[in-house]
Amino acid sequence: MLDVGRHPNIELLAYSEVEKVEGQAADFRVTVRRKARYVEEDKCTGCGACAEKCPTDVPDAFNEGLGTRKAIYNYFAQGIPSTHTIDADYCRQLNGKKCGICEKTCQADAINFDQEDRIIQLDVGAIIVAAGYDVFDPSLIPEYRYKEISNVVTAIEFERFLSASGPTGGHLDRPSDRAVQAEIVELEKRANKSQRALDKFEKKYEEGSGEFYENYKAGQYKDDEDYKKWADKYAGHLAIVETLNTLKRKAETFAVAKRLAFIQCVGSRDFRFYPFCSGYCCMHSIKEAIIAHEHDPETKSTIFGMDIRAVGKGFEEYKVRGGNKSGVSYMRGRVAEITGGPDNKPIVTYENTHERKVESREFDMVILATACAPTKGIFELAKILGIELNKYNFVKTSPQSPVDTSVPGIFVCGCAGSPMDVPESVAQASSAAGRAAEMVFQSQSEKEKAVA
Amino acid sequence: MPDMKDEDIRIGVFICHCGSNIAGYLDMEELSEYAEKLPHVTLVQRNLYSCSEAGISEIKKGIMEHDLNRVIVASCTPRTHEPLFRSSCAEAGLNPFLFEMVNIRDQCSWVHMQEREDGTNKAKDQIRMGVAKAALLEPQEPIMSDVQIRALIIGGGISGMTAALSLANRGFEVVLVEKENKLGGMLNRVNKLGPTMTDASDLVDGKVLEVTEHPHITLFTSAKVNAAQGFIGKYQIDIETESGIKKIDFGVILIATGASVYTPEGLYGYDGQRIITQLEMERLLKKGLDPGIKNIVMIQCVGSRNEDRPYCSRICCQTAVKNAIIVKDQIPEAKVSILYRDMQMYGVENEEMFRDSKAKGIRYINYDPARPPEVESNHVRVYHALLGREMSLSADLVVLSTPLIAHEDATEISQILRVPIDENGFFLEGHVKLRPLDFATDGIFLCGSARFPANIREAVAQGLGAASRASIPLSQGSVVVEPIISFLANEDACIACGLCVALCPYGALEIQKTANEEKVHVIDVACKGCGCCAAACPQNALDINHFRDRQIFAAIEAGGAGA
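Residues numbered from 1 in each chain as written. Chains lettered and ligands numbered in written order. Predicted model: local features only at pLDDT ≥ 70, side-chain atom pairs only at ≥ 80, totals over all residues.

Colleague: Before we move on, could you go through the overall build of chain A and cite the residues and values that matter?
Modeller: Secondary structure summary: chain A contains eleven helices and 19 strands in total. Taken against the 2.2 N^0.38 rule, which gives 22 Å for 452 residues, the C-alpha radius of gyration of chain A at 28 Å runs more than 25% over that of a compact globule. By principal-axis analysis of the C-alpha atoms, chain A measures approximately 110 × 65 × 35 Å. When each of the 452 residues of chain A is scored for burial, the buried share is 37%. (Helix = DSSP H or I, 4+ residues; strand = E, 2+ residues; numbered from the N terminus. Rg over C-alpha atoms; globule rule 2.2 N^0.38 Å. Buried ≥ 20, exposed ≤ 12 C-beta atoms within 10 Å, placed from the backbone.)

Colleague: Talk me through the overall build of chain B; I want residue IDs and the actual numbers.
Modeller: Along the backbone of chain B there are 15 helices and 30 strands. On C-alpha atoms alone, chain B measures out to a radius of gyration of 31 Å, which is more than a quarter above the 24 Å that the 2.2 N^0.38 rule sets for 563 residues. If one aligns the C-alpha atoms of chain B with their principal axes, the spans along those axes are about 95 × 60 × 45 Å. Relative to its full complement of 563 residues, chain B shows a buried share of 50%.

Colleague: Please provide a residue-by-residue account of the sheet that holds strand 1 (residues 11-16) of chain B, values included.
Modeller: Picture the strands of a sheet paired through backbone hydrogen bonds; they go either parallel or antiparallel. All names here are of chain B. The strand order across the open sheet built from four strands is 2-1-3-4, with neighbouring strands paired in parallel fashion. The strands lining the two open edges of the sheet, one partner per strand, are strand 2 (41-47) and strand 4 (99-103). The sheet shows a mean angle of 15° between the axes of neighbouring strands, direction not considered. Across six bridges, the pairing between strand 1 and strand 2 is parallel. By the bridge assignment, Cys16 is partnered in strand 2 with Asn47. Sitting on the sheet, helix 2 (residues 53-65) touches strand 1, strand 2 and strand 3 (70-75), and the angle it makes with strand 2 is about 165°. Contacting strand 3 and strand 4, helix 3 (residues 78-91) runs over the sheet at an angle of about 150° to strand 4. (Pairing = 2+ DSSP bridges. Axes fitted to C-alpha atoms, helices over the stretch in contact; angles between N-to-C directions. Contact = placed C-beta atoms within 7 Å.)

Colleague: Describe the packing of helix 2 of chain B against helix 3 of chain B, and please don't skip the residues or the numbers.
Modeller: Residues and elements named next belong to chain B. Direction vectors running N to C along helix 2 and helix 3 enclose 40°, while the axes themselves pass 9 Å from each other. Relative to helix 3, the element helix 2 is oriented oblique. For the pair helix 2 and helix 3, the crossing hand works out as right-handed. Contacts between helix 2 and helix 3 involve Ile56, Ile59, Lys60 and Ile63 on the former and, on the latter, Ser88, Cys89 and Glu91. Of the residues belonging to the contact of helix 2 with helix 3, the class tally is four nonpolar, one polar and two charged. (Parallel < 35°, antiparallel > 145°, perpendicular 65-115°, else oblique. Left-handed = near helix turned anticlockwise from the far one by under 90°. Nonpolar A, V, L, I, M, F, W, Y, C, P; charged D, E, K, R; others polar.)

Colleague: Account for the interface of chain B and chain A, with residues named and values stated.
Modeller: Every contact between the two is made by 54 residues of chain B and, on the other side, 50 residues of chain A. Of all the secondary-structure elements, those providing two or more residues to the side of chain B that touches chain A are helix 3, helix 10 (347-359) and helix 12 (456-476) of chain B. Of the residues contributing to the side of chain B that touches chain A, the split by class is 26 nonpolar, 17 polar and eleven charged.

Colleague: Go over the domain arrangement of chain A, please, and point to the residues and values.
Modeller: Taken domain by domain, chain A holds domain 1 (2-125), domain 2 (135-173 + 256-373), domain 3 (176-251) and domain 4 (374-451). Its C-alpha centre places domain 1 of chain A at a distance of 46 Å from the equivalent point of domain 3 of chain A. (Domains from an automatic or database assignment.)

Colleague: Explain helix 10 of chain B to me, using residue names and the numbers behind them.
Modeller: Residues and elements named next belong to chain B. The first and last C-alpha atoms of helix 10 sit 19 Å apart over 13 residues, in line with the 18 Å expected at 1.5 Å per residue. When helix 10 is considered as a whole, its buried residues turn out to be Gly347, Val348, Glu349, Asn350, Glu351, Met353, Phe354 and Ser357. In the core, the buried residues of helix 10 are packed alongside helix 9 (316-330). Taken from the residues just after helix 10, Gly361 is the one with a positive phi, measuring 95°. (Expected span 1.5 Å × (residues − 1).)

Colleague: Can you explain the environment of B:Gly184? Please cite residues and give values.
Modeller: With respect to the secondary-structure elements, B:Gly184 resides in the loop between strand 7 (173-177) and strand 8 (192-193). For B:Gly184 and B:Gly157, which are 27 residues apart along the polypeptide, the C-alpha to C-alpha distance reads 4.4 Å.

Colleague: I'd like a description of the environment of B:Gly477, backed by residues and values.
Modeller: Residues and elements named next belong to chain B. Residue position: Gly477 is located in the loop between helix 12 and strand 26 (478-481). Overall, Gly477 belongs to the exposed group, with 12 C-beta atoms counted inside 10 Å. Along the chain, Gly477 and Gly498 lie 21 residues apart, while their C-alpha atoms are 32 Å from each other. Setting aside anything within four residues of it in sequence, one finds Gly477 in contact with Asp146, Val147 and Ile149.

Colleague: Go over the sheet that holds strand 7 (residues 118-124) of chain A with me, naming the residues and quoting the values.
Modeller: Residues and elements named next belong to chain A. Taking strand neighbours across the sheet as the criterion, the three strands line up as 1-2-7 in an open arrangement whose pairing is antiparallel. Unpaired on one side and paired on the other, strand 1 (16-24) and strand 7 mark the two borders of the sheet. On average, each strand axis in the sheet is inclined to that of its neighbour by 20°, with strand direction left out of account. In the sheet, strand 2 (residues 27-34) pairs with strand 7 via seven bridges, with the strands oriented antiparallel. Looking at strand 7, one finds that Thr31 is bridged to Gln121.

Colleague: Now, about the packing of helix 8 (residues 278-287) of chain B against helix 9 of chain B: what can you tell me, with residues and values included?
Modeller: Residue and element names in this part refer to chain B. Where helix 8 meets helix 9, the axes come as close as 11 Å, and the angle between the chain directions of the two elements is 25°. Looking at the two axes, helix 8 sits roughly parallel to helix 9. Along this stretch, helix 8 crosses helix 9, giving a crossing that reads as left-handed. Contact with helix 8, carried on its side by Gln278, Met281 and Leu285, involves Cys316, Thr319, Ala320, Asn323 and Ile326 of helix 9 and no other residues of that element. In terms of residue class, the contact of helix 8 with helix 9 is built from five nonpolar, three polar and no charged.

Colleague: Describe in detail unusual backbone geometry, supporting the description with residues and values.
Modeller: Omega for the peptide link from B:Gly194 to B:Pro195 comes to -5°, which places this bond in the cis form. With respect to the secondary-structure elements, B:Pro195 resides in the loop between strand 8 and strand 9 (198-199). Even without a glycine there, the phi angle at A:Asp109 is positive, about 60°. Along the chain, the position of A:Asp109 falls in the loop between helix 3 (101-105) and strand 7. Here the phi dihedral of B:Tyr268 falls at roughly 50°; this positive angle occurs in a residue that is not glycine.

Colleague: I'd like a description of the nonpolar core, backed by residues and values.
Modeller: The biggest cluster of nonpolar side chains holds 208 residues, and the ones touching the most others in it are B:Ala151, B:Ile153, B:Ala164 and B:Leu254. Looking at this core element by element, the count peaks at nine residues for helix 12 of chain B. Inspection of this core shows a minimum of three residues originating in each of domain 2 (135-173 + 256-373) and domain 4 (374-451) of chain A. Aside from chain neighbours lying at most four places away, what touches B:Ile153 is B:Gly160, B:Ala163, B:Ala164, B:Val174, B:Leu176, B:Val177, B:Leu254 and B:Ala256. (Core = buried A, V, L, I, M, F, W, Y, C linked by C-beta atoms within 7 Å.)

Set out below in structure tokens:
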């Protein structure tokens, strides 16, 4: 990413979309919309002071909505370019409220609330589609109860849980426990606030709230509005503190998730959704299970899959090592249902196909290995580019020309063409770049021939 | 270069606020006052953002107006900003390697946000260390080397031919060396290609014609690489051909030597007649299967995913499914059973072919590797792991899916070209995820089943990809290397023990013989400056430019000295 940002031959147009493509191979004219960031690219140094001061919290898309970011933000810490962007949906200033704190904070004078989208034209010889994929939304599978049971998460969410820069700082705190912790923080804020209000009464009447309340209940101070307010406040405060203490006692029992279930083929190899195999998910689950075990050697993971497809270089060895050294076991079969158990512990029901028994097991957390879905924007992009998609809505290619699309001069690589893992994607990126160079070179030499 | 006289050293220290990222947590006033008192420091300036246009012009102005000959920026990380500051120094006429960066943000203000005083003291230590090192810096010039605009491709299978055509179509001269007497490799022995069921020979014939007729491709069949010398841009290769040894220079080399099929001698009664491999099955299917064959049993993972060969060979499941479908097409009433551990039908096309095969009535039987199938005369006995019982399947033909194994020539080629192979004998790429088609050694690339078993789609993609990687030095015509490399600092001390040569991961060192002595020689363009050799040298003869022992020791001593 850094190399891309710094390469003299690469002009990086982030936060931009292709709107129109005209012409043909070796001579395309592309119209690009550069979306307004409300931050001047050439002035912003990416220092992040603005985001620190911004008062508006927004669900953090990079952390799968598990944490928050500010309304002025860099998509993630190492994002290239480091230029910040104002989220127009949330920014107070852009929504007519009084704010402008980022503008005052920015010492580089980069904030520009008047910035508008710009349309630019590019003349290019070849186009490479590397639009990637979307993660399948598992809430479409009712029997897995994603979103209903808080401790059922997707593999990509789990990736953020494992990350030191993620919402839990790399600890496997269960989402249900995190929700309680968040509630405690919220209740503490409310308790402090009501305490401050009580302090005022106590100061005014030079009496402790507890003592006052006893007397109030005993019938003193009748018909006095102010005393009534004090009494109501105190009763409310007691209720908050009681809930708070209950939650705190509960939180003392919280432990990190140690028994993990990974469910394979969630949306893949499933006729209701995507009949194909997404290719990379088996290895992704194995990797996550092994890393979870590195975090806490007491972690035990079970991977539920029809076939465990560990087909790349060193993959099978990795899988076996996971089983031998990292507490990973593999259960052949498809999970029928996930239900809620006591203490927010999900229960997985499946057929143990080798024992020919239907079994149920309780886990601390369940991770769904979701399918590689064609990216939503691909239909629009394919229309703009005039390229064909295959019946699964990946960009159509053939085994003999794996990176050529149906339009000469337009190439594809990575998961836009078919689900694949990192090494395959990196290799294909080089292939597509090579094909593009080959095509441009040939059309130039033809032109030269024509001139000669 | 001769050491600069101590009094001539003029260091400028630029301390960056990074907005409030640094200035918000450290006492900047105190830092700059402190820096002013350090030895050789002529100028100290604070910038709001050293990397902004204003900051850069301050640095340039400082160099010119104060005649600075060393520049330090105390700011963020060299990972993102060192190139910018270096080039700014160069623009002001200062050798860019007389620049030193001190990271007082990521390594100081960000980690000590709550400790203003201690953080400020630590930043002082860091700046003092930087100044001590900077005083000893030496100017360096980038190393340039010409590239011979010619590519050697070893192996004329589908991956090698694809790579050859891709490079030749871009006007580069290509020499393709094939060991056999004809091109095509493994595909010559394959019947049809899944999932499209096109004839393998159509694909091969088309590519062979293109290769043989291409004006930029020189083809040597029945030939092999005998010896190699050199480094990126200048490889001297001896090719043994039918008409004698050809000595040719190359800029880059691609290894596309493919793989072999494991022959399962002694497994499941393999006899090459009734009990055969999938590759032998290809030949039978090409001829047309004997219509008398009614029952076929295929066994997966024969000789793979075991202790001897722990890897999954990736393509055998799809080959078995493809051949099973062709059997059903040739003899619709034939019963085909595939005994498997996991069906590795990854991706879109394979899974689709897998589903189609089930619709055609092909049976899949899961077996337990602890209770492998037993091949008897006319039958295969197997414990069906899912039904939990033994079954006996009639078998007129038993087809064993054996893995691709490393080519027998791989070891020899790896020794000649000094590139590594992995524990399974396949060539080992520079980085399994990020550089799948490069070797750690610059100028040598790999593709296809020489790297790891690959199907047609993958072999073609990798051939194109490796060609693309190789085309970078070819199209640039020269390689420029950052001069932070190893060099023989103390020639007399070198005893030519060869330890460094053996340790170098990049093949960048060699022992050179002169008339009466032997010394190590660093091949500049091949060296990556990792420092392995200098650390290991028992004589302390080798050193790394820009990270010389005395520079690092000076920084360490300054660090320990305290404020």
